[in-house]
Amino acid sequence: MNRSARRAVICGIGLVLAVVAVGVSRAAPPLWEDRTAHAGAQAAGPPLKTFPLLARNASTGKLRAYEPNGTGGLKSAHELGGGFGDATALVQANVSEGGRGVDLYHRANGTLYYTAEHGNDTKVVGAGWDIYDTLVSAGNLGGSADVDLIARDATGNLWLYQGTPDGTLAARMRIGTGWNNMALVGRGDYTGDGKADVLARYSDGTLAIYAGTGKATVDAVVGTRHIAGTGWGAYKTLASAGDTDGDGKTDLIAADPAGALWLFQGTGNAAAPFAPRVQIGTSGWAAFDVLF
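Rules used in this analysis
- Residues numbered from 1 in each chain as written.
- Predicted model: local features only at pLDDT ≥ 70, side-chain atom pairs only at ≥ 80, totals over all residues.
- Heavy atoms only, no water.
- Salt bridge = Lys/Arg side-chain N within 4 Å of Asp/Glu carboxyl O.
- Helix = DSSP H or I, 4+ residues; strand = E, 2+ residues; numbered from the N terminus.
- Buried < 20%, exposed > 50% of the residue type's maximum accessible area, 1.4 Å probe, protein only.
- Pairing = 2+ DSSP bridges.
- Axes fitted to C-alpha atoms, helices over the stretch in contact; angles between N-to-C directions.
- Polar contact = N/O pair within 3.5 Å; in protein donor to acceptor, adjacent residues only side chain to side chain.
- Contact = heavy atoms within 4.5 Å.
- Core = buried A, V, L, I, M, F, W, Y, C linked by side-chain atoms within 4.5 Å.

This paragraph deals with the pattern of salt bridges. Counting across every chain of the model gives five salt bridges. Among the ionic pairs, R64 bridges to E79, the shortest N-O distance being 2.7 Å. Taken together, the residues R64 in strand β5 (residues 63-68) and E79 in strand β6 (residues 74-81) connect sequence positions 15 residues apart. On the basis of relative accessibility, which here comes to 31%, the residue R64 falls in the partly exposed class. Accessibility expressed as a relative area gives 33% for E79, which makes it partly exposed. Linking R174 and D219 is a salt bridge whose minimum nitrogen-to-oxygen distance equals 2.6 Å.

See below:
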């Protein structure tokens with residue numbers, strides 16, 4: 001789908017994604033129930049630490065947003081519209097409005113696009129992004145003022161793209177090599193040192209935290225590895241929605257193959273980073289092929 005066929009529509013009380021195809025426009029309800037009426041007010045205050053959980057339906061290509069309820073659970077879904085079945089990567093990132101916008105990167109036909117929450121169009125970031133098999137929002141991994149993306153190529157090299165306020169990306173920098181066969185999750189501090197980290201689930205089900213250094217230095221963006229546990233292969237998908245339960249620590253969400261959803265509350269302690277799981281969704285989550 002080309003740029004003109006997928007746009008963001010300004011809405012004063014939240015994110016609306018519309019798909020315009022063969023002259024028909026479909027718009028979704030606002031993402032946030034309690035957004036202020038004036039979009040510019042979102043620029044006040046520090047960057048977001050809690051995010052909606054976004055999900056794509058595997059069969060319809062439609063997106064849904066689940067706003068955290070502040071105690072670890074999720075509110076009812078908001079439909080964000082369809083047309084994302086051809087997206088080969090979907091990434092949520094709080095880029096715009098001083099880090100308070102709920103924005104979207106998506107890749108289709110090798111081209112990466114960026115949509116700001118209160119923008120009036122979807123912009124092209126660049127072509128050739130199909131060289132990567134994984135794209136993840138890493139939060140502020142490189143120590144700049146804006147959130148970053150990380151990308152893995154087919155040879156297992158991991159790359160950092162530092163963000164800018166308009167959603168474009170700086171030239172890539174290598175994070176490291178040998179990142180093959182891992183499922184990657186980012187967007188938060190799991191060690192309690194105030195720096196964004198990268199989570200990696202290995203093919204044997206082991207989950208590791210790679211502590212961020214806060215430095216945009218070749219092969220030194222992440223440092224110490226902490227093993228968070230084993231048995232994580234039991235989950236179909238892992239995702240971070242930031243501080244889901246409102247205790248100031250980054251949490252992790254996991255969906256199992258049966259369709260149940262689980263919350264792993266973060267502790268901020270690298271030696272034991274997660275509390276025992278709590279079920280926050282009973283069924284239906286198997287319908288989604290992407291949680292982000």
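Summarising burial for strand β7 (residues 89-93): five of the five residues are buried, a large majority. The two faces of β7 match: A89, V91 and A93 on one face and L90 and Q92 on the other face are all buried. Both β7 and strand β8 (residues 103-108) contribute to a ladder of five bridges, which runs antiparallel. By the bridge assignment, V91 is partnered in β8 with Y105.

With respect to topology, four strands assemble into an open sheet ordered β11-β12-β13-β14, the strand pairing being antiparallel. Of all the strands in the sheet, the pair left with one neighbour each is β11 (132-139) and β14 (173-176). Strand-to-strand twist in this sheet, taken as the mean axis angle between neighbours without regard to direction, amounts to 30 degrees. Bridging between strand β13 (residues 158-161) and β14 involves three bridges; their strand directions are antiparallel. Considered in β14, the bridge of L160 is made with M173.

Our focus in this paragraph is the sheet that holds β5. Across a sheet, paired strands are connected by hydrogen bonds in the backbone, their directions being either parallel or antiparallel. On the basis of which strands lie adjacent, the open sheet formed by four strands has the order β6-β5-β4-β23 and antiparallel pairing. Only two strands of the sheet have a single neighbouring strand rather than two, namely β6 and β23 (288-291). Neighbouring strand axes in the sheet, compared pairwise and without regard to direction, differ in orientation by 25 degrees on average. Sheet analysis places β5 next to β6, joined by five bridges and oriented antiparallel. Its bridge partner lying in β6, Y66 is registered against A77.

Turning to the pairing of strand β12 (residues 148-153), a few remarks are in order. Counting buried positions along β12 gives six out of six residues, so the element sits mostly inside the fold. Where β12 meets β13, four bridges bridge the pair, whose relative direction is antiparallel. Bridging across to β13, I150 finds its partner in L160. Counted between consecutive antiparallel strands, the loop separating β12 from β13 contains four residues, among which G156 sits at a positive phi close to 95 degrees.

Looking now at the side chain of N94. Topologically, N94 is positioned in the loop between β7 and α1 (96-99). Owing to a relative accessible area of 6%, N94 belongs among the buried residues under this scheme. Here the side chain of N94 touches G99 through a polar contact of 2.8 Å, landing on its backbone oxygen. Among the polar contacts made by the side chain of N94, one reaches the side chain of R187 at a distance of 3.5 Å. Among residues more than four places away in sequence, those in contact with N94 are P47, L48, F51, G99, G101, D103, V147 and R187.

As a further point, take the nonpolar core. One finds L141, I150, I175, W179, L184, V198 and Y210 to be the most contacted residues of the largest nonpolar core, which totals 19 residues. Elements represented by at least two residues in this core include exactly β11, β13, β14, β15 (182-185), β16 (198-202) and β17 (207-212). With three residues, the top contributor of residues to this core is β16. With near-sequence residues (within four places) excluded, I175 lies in contact with L141, I150, L158, W159, L160, D219, A220, V221 and V222. Core analysis: the next-biggest nonpolar cluster, separate from the first, contains 17 residues, A89, V91, Y132 and V147 among them.

The values reported here are purely geometric and, on their own, carry no functional implication.
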